[in-house]
Amino acid sequence: MFNQLKNIDSAFRLVRSFCIALVACCLLITGFTVYKSHQLVRDSRERIYVLANGKALEAFSSFRKDNLPVEARNHVRMFHFYFFTLGPDEKAIQDHVSKALYLADESAKRQYDNLRESGFYTNLITANISQEITIDSVAVYTASYPFQFTCYATQRLVRSSSTLTRRLVTQGLLRDVPRSDHNPHGLLISRWETLQNDEIKP
């Protein structure tokens with residue numbers, strides 16, 4: 001009788017241990033499956049396909065902070081290109097300056113108004129002067145917000161008789177704004193000022 005009870009008790013313990021081990025294995029497998037599923041979904045969200053010239057190209061998304069220095073430098077380059085690359089055509093000047101003003105705040109608008117009131121743009125048109133800019137380098141400091149930048153560039157004013165070259169150094173701050181078609185980087189230049197604009201003697 002006692003032997004039978006001992007056998008039943010040991011069998012019950014064995015079954016209970018087996019059930020606990022089975023449940024633990026199921027929980028481990030379920031947890032691993034859920035983790036891998038989330039990882040797969042996250043990876044698939046970071047991967048997109050772009051159609052270019054009839055070909056599907058694979059692209060990967062990344063966090064903004066990973067690309068911020070590159071985007072900030074390109075934003076500053078674009079602004080200076082549009083603001084300072086001008087031809088002797090009123091419509092072309094308006095087109096370029098309006099693109100530049102989408103990338104900066106009233107500090108750039110103030111400089112534009114000052115140049116317009118001083119007759120700078122009228123002189124470009126009447127004297128058939130083309131103004132070109134070459135961006136030498138852009139330094140962006142992303143350690144603190146808003147981000148400070150300094151732009152070093154070379155300006156060329158091309159006349160039919162001569163070419164004038166000037167050294168241009170500007171600085172300002174960059175702050176975040178929503179992205180748009182006119183402002184693809186989602187940055188806005190503020191407190192923009194010219195530090196140096198001197199003629200380079202040949």
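Preceding this paragraph is the structure being described.
Residues numbered from 1 in each chain as written. Predicted model: local features only at pLDDT ≥ 70, side-chain atom pairs only at ≥ 80, totals over all residues. Heavy atoms only, no water.

## Here's the deal with the overall build of the chain
Then, number 1: In terms of regular secondary structure, the chain is built from 5 helices and 6 strands.
Then, number 2: Each helix and strand of the chain, placed in order from N terminus to C terminus, yields the pattern α-β-β-α-α-α-α-β-β-β-β.
Then, number 3: Within the chain, buried positions represent 29% of all 202 residues.
Then, number 4: Partitioning the contacts of the chain with sequence separation of at least 6, the portion at a separation of at least 24 is 56%.
Then, number 5: For the chain, the exposed area adds up to about 13900 Å²; of that, 57% sits on carbon and sulfur atoms. (Helix = DSSP H or I, 4+ residues; strand = E, 2+ residues; numbered from the N terminus. Buried < 20%, exposed > 50% of the residue type's maximum accessible area, 1.4 Å probe, protein only. Contact = heavy atoms within 4.5 Å. Areas by Shrake-Rupley, 256 points an atom, 1.4 Å probe, with all protein chains shown as cover.)

## Brief notes about the state of the cysteines
Then, number 1: Counted by the stated rule, this structure contains 0 disulfides.
Then, number 2: The thiol sulfur of Cys25 is not disulfide-bonded, and the nearest other cysteine sulfur, from Cys26, lies at 7.0 Å.
Then, number 3: The class of Cys25 is partly exposed, set by a relative accessible area of 44%.
Then, number 4: Take Cys26: its relative accessible area is 41%, and that puts it in the partly exposed class. (Disulfide = S-S within 2.5 Å.)

## A short note on the pairing of strand 4 (residues 147-158)
Then, number 1: Pairing geometry for strand 3 (residues 130-141) and strand 4, over 11 bridges, is antiparallel. Bridge pairing in strand 4 places Ala139 opposite Thr150.
Then, number 2: Here strand 3 hands over to strand 4 after 5 residues, the two strands then running antiparallel side by side.
Then, number 3: As paired strands, strand 4 and strand 5 (residues 163-176) are joined by 12 bridges and run antiparallel to one another. (Pairing = 2+ DSSP bridges.)

## Description of the packing of helix 3 (residues 90-101) against helix 4 (residues 106-117)
Then, number 1: Two elements in contact, helix 3 and helix 4, have axes whose closest approach is 9 Å; the angle formed by their N-to-C orientations is 155°. Here helix 4 runs roughly antiparallel to helix 3, going by the angle between their axes. Across from Gln94, Val97 and Leu101 in helix 3, the residues of helix 4 making contact are Ala108, Lys109 and Tyr112.
Then, number 2: Across the contact of helix 3 with helix 4, the residue classes tally to 4 nonpolar, 1 polar and 1 charged. (Axes fitted to C-alpha atoms, helices over the stretch in contact; angles between N-to-C directions. Parallel < 35°, antiparallel > 145°, perpendicular 65-115°, else oblique. Nonpolar A, V, L, I, M, F, W, Y, C, P; charged D, E, K, R; others polar.)

## What about the pattern of salt bridges?
Then, number 1: Throughout the structure, instances matching the rule amount to 6 salt bridges.
Then, number 2: Between Arg179 and Glu71 there is a salt bridge whose closest N-O contact spans 3.1 Å. Of this pair, Arg179 sits in the loop between strand 5 and strand 6 (187-199) while Glu71 sits in helix 2 (residues 64-84); the two residues are 108 residues apart in sequence, bridging distant segments of the chain.
Then, number 3: Since its relative accessible area comes to 44%, Arg179 is described here as partly exposed.
Then, number 4: For Glu71, a relative accessible area of 14% translates into the label buried.
Then, number 5: Notably, a salt bridge pairs Arg156 with Glu132, separated by 2.7 Å at the nearest N-O pair. Highlighted residues: Arg156 in strand 4 and Glu132 in strand 3, separated in sequence by 24 residues.
Then, number 6: For Arg156, a relative accessible area of 33% corresponds to the partly exposed category.
Then, number 7: Taken together, the shared-partner salt bridges in this structure form one network comprising Lys109, Asp113 and Arg116. (Salt bridge = Lys/Arg side-chain N within 4 Å of Asp/Glu carboxyl O.)

## Some points on the sheet that holds strand 3
Then, number 1: As summarised here, the arrangement of the 4 strands in space is 3-4-5-6, forming an open sheet in which the pairing is antiparallel. The sheet terminates laterally at strand 3 and strand 6, the two strands that pair on one side only. Taken over all neighbouring pairs, the strand axes of this sheet differ in orientation by 20° on average, direction set aside.

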